Amino acid sequence: MSTSQRFANKVAVVTGASTGLGFGAAQALIQEGARVIITGQNEERLAAAARQLGPNATAVLADARKVADLELLAQRTREVTDRVDVLFANAGIGRFRPLENIDEAFFDDQFDTNVKGLFFTVQKLVGLLKPGASVILNASAVHAKGVAGGSVYFATKAAVRSLARTLAAELGPRGIRVNSISPGMVPTEFQPKMEITPEHLQGFYGAIRTAAPLGRLGLVDEITKAVLFMASDESSYMTAADVVVDGGWGNV
């Protein structure tokens, strides 16, 4: 457990925090002194995460695809605090299909979650963001890559990277920083939801290990450390930036 208290007396909101990177970030923020509001769309998983995180976590059941749920998130947040110091808009999905097999529902589900949901998360909470607040958008290293079958998913993450730039420009005059983080492949509960066979997933892992200069996949803790850096005052002169944590996969 960290002995640092960089986030003492601060409030963070982490979406998609029932498992994976979101849970890891929420846990690390709490360990460093923050009070954290977490969201998830599965009531059982969200409750289990809140129990594990302890009394400094507040759980709000919210589906990122539904603006009404995000309005409820803002309402619940206002009930427990008058400000948000850190917003990690992390909730997202990623699925692969060949071009010919993509239907409207497949397309809409990913854009509704990864783009619409992220945008309205920031919009509904912006009134609680004060000067000095840090917003971090989970863009993923795929936003700058091209892999067959990933057309819709990769496009959503390119849109997130764009939003980090435009929202930084809009919120900068208010003293609010907006950056994106682009994790590489980090095995979590996310991958089994990608609609690819275990064999194809292992093949994808192998291709990344081969292509990335570090020759391995990432760890949740490695992404979490980057999130906390961007959330803290240590990155106070960073905005509109994209912090890539992918073992070099996206740049070689």
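Just so it is clear, the structure is predicted and the values come from calculations on it, not from any experiment.

Chemist: Would you mind going over unusual backbone geometry with me for this structure?
Modeler: Glycine aside, the phi torsion of most residues is negative, and most peptide linkages are trans. For N9, which is not glycine, the phi dihedral falls at a positive 65°. Structurally, N9 is set in the segment before β1 (11–14). Positioned with a positive phi, A240 is a non-glycine residue whose angle comes to about 65°. Here A240 lies in the loop between α7 (220–231) and β7 (242–245). The exposure class of A240 is partly exposed, given its relative accessible area of 26%.

Chemist: What should I look at first to understand the layout of surface pockets in this one?
Modeler: Here the idea is plain: a probe the size of a water molecule rolls over the atoms and shows the empty space left. Roughly 220 Å³ of volume is contained in the second largest pocket. What lines the second largest pocket is a set of 13 residues, among which G24, A28, Q31, D221 and T224 lie closest to the centre. Looking at the lining of the second largest pocket, the elements that each hand over two or more residues are α1 (20–31) and α7. Here the element with the most residues in the lining of the second largest pocket is α1; it accounts for six residues. Split by residue class, the lining of the second largest pocket holds four nonpolar, six polar and three charged.

Chemist: Which parts of the structure should I look at to understand the nonpolar core?
Modeler: Across soluble globular proteins, nonpolar side chains have a tendency to be buried as a group. In this structure, L29, V36, I38, I136 and I181 are the most contacted members of the largest nonpolar core, which totals 31 residues. Looking at this core, the elements that each hand over two or more residues are β1, α1, β2 (35–40), α2 (43–53), β4 (84–89) and α7. If sequence neighbours within four positions are ignored, L29 has contacts with F7, A12, V14, A34, V36 and L228. In this structure, A74, L125, V160 and I176 belong to the second largest nonpolar core, which totals 28 residues.

Chemist: Can you help me understand the packing of α1 against α2 in this one?
Modeler: Two packed helices can be described by the angle between their axes and the distance between those axes. The interhelical angle for the contact between α1 and α2, taken along N-to-C directions, is 25°, at an axis separation of 10 Å. Our classification of the angle between α1 and α2 gives roughly parallel. Here the hand of the crossing between α1 and α2 comes out right-handed. The residues of α2 that touch α1, namely those facing F23, A26, Q27 and I30, are A49, Q52 and L53.

Chemist: What is the right way to read the side chain of T113 from this model?
Modeler: With respect to the element layout, T113 can be found in helix α4 (residues 104–125). Given the relative accessible area of 8%, T113 is considered buried. Among residues more than four places away in sequence, those in contact with T113 are A64, R65, A91, G92, I93 and L118.

Thresholds applied
- Position numbers for residues count from 1 along each chain, tracking the sequence in the order it is written.
- Only residues with pLDDT of 70 or above have their local features reported here, since the model is predicted, and side-chain atom pairs are shown and tallied only from 80 upward, although totals for entire chains, interfaces and linings are computed over all residues.
- Hydrogens and waters are ignored; side-chain quantities use all the structure's heavy atoms.
- Secondary structure follows DSSP: runs of H or I at least 4 residues long count as helices, runs of E at least 2 residues long count as strands, and numbering of each begins at the N terminus.
- Relative accessibility under 20% of the residue-type maximum defines a buried residue, over 50% an exposed one, and the middle range a partly exposed one, all with a 1.4 Å probe and only protein chains included.
- Lining residues are those with an atom within 4 Å of a point, where the points come from a 1 Å grid over the protein atoms alone and group into cavities, where a 1.4 Å probe fits but cannot get out, or pockets, open sets with protein on both sides within 12 Å along at least five of seven lines.
- Grid points are joined across faces, edges and corners, and a volume is the space filled by probe spheres set on the points.
- Each residue gets one of three labels, nonpolar for Ala, Val, Leu, Ile, Met, Phe, Trp, Tyr, Cys and Pro, charged for Asp, Glu, Lys and Arg, and polar for the others, Gly among them.
- Residues enter a nonpolar core if they are buried and are Ala, Val, Leu, Ile, Met, Phe, Trp, Tyr or Cys, with the set joined through side-chain atoms within 4.5 Å.
- Only heavy atoms enter the contact rule, under which two residues are in contact if any of them lie within 4.5 Å.
- Axes here mean lines fitted to C-alpha atoms, for a helix over just the part in contact, with angles spanning 0 to 180 degrees between N-to-C directions.
- Under this scheme an angle from 65 to 115 degrees is roughly perpendicular, one under 35 degrees roughly parallel, and one over 145 degrees roughly antiparallel; angles in between are oblique.
- In this scheme, a crossing is called left-handed if the near helix is turned counterclockwise away from the far one by less than a right angle; it is called right-handed if the turn is clockwise.

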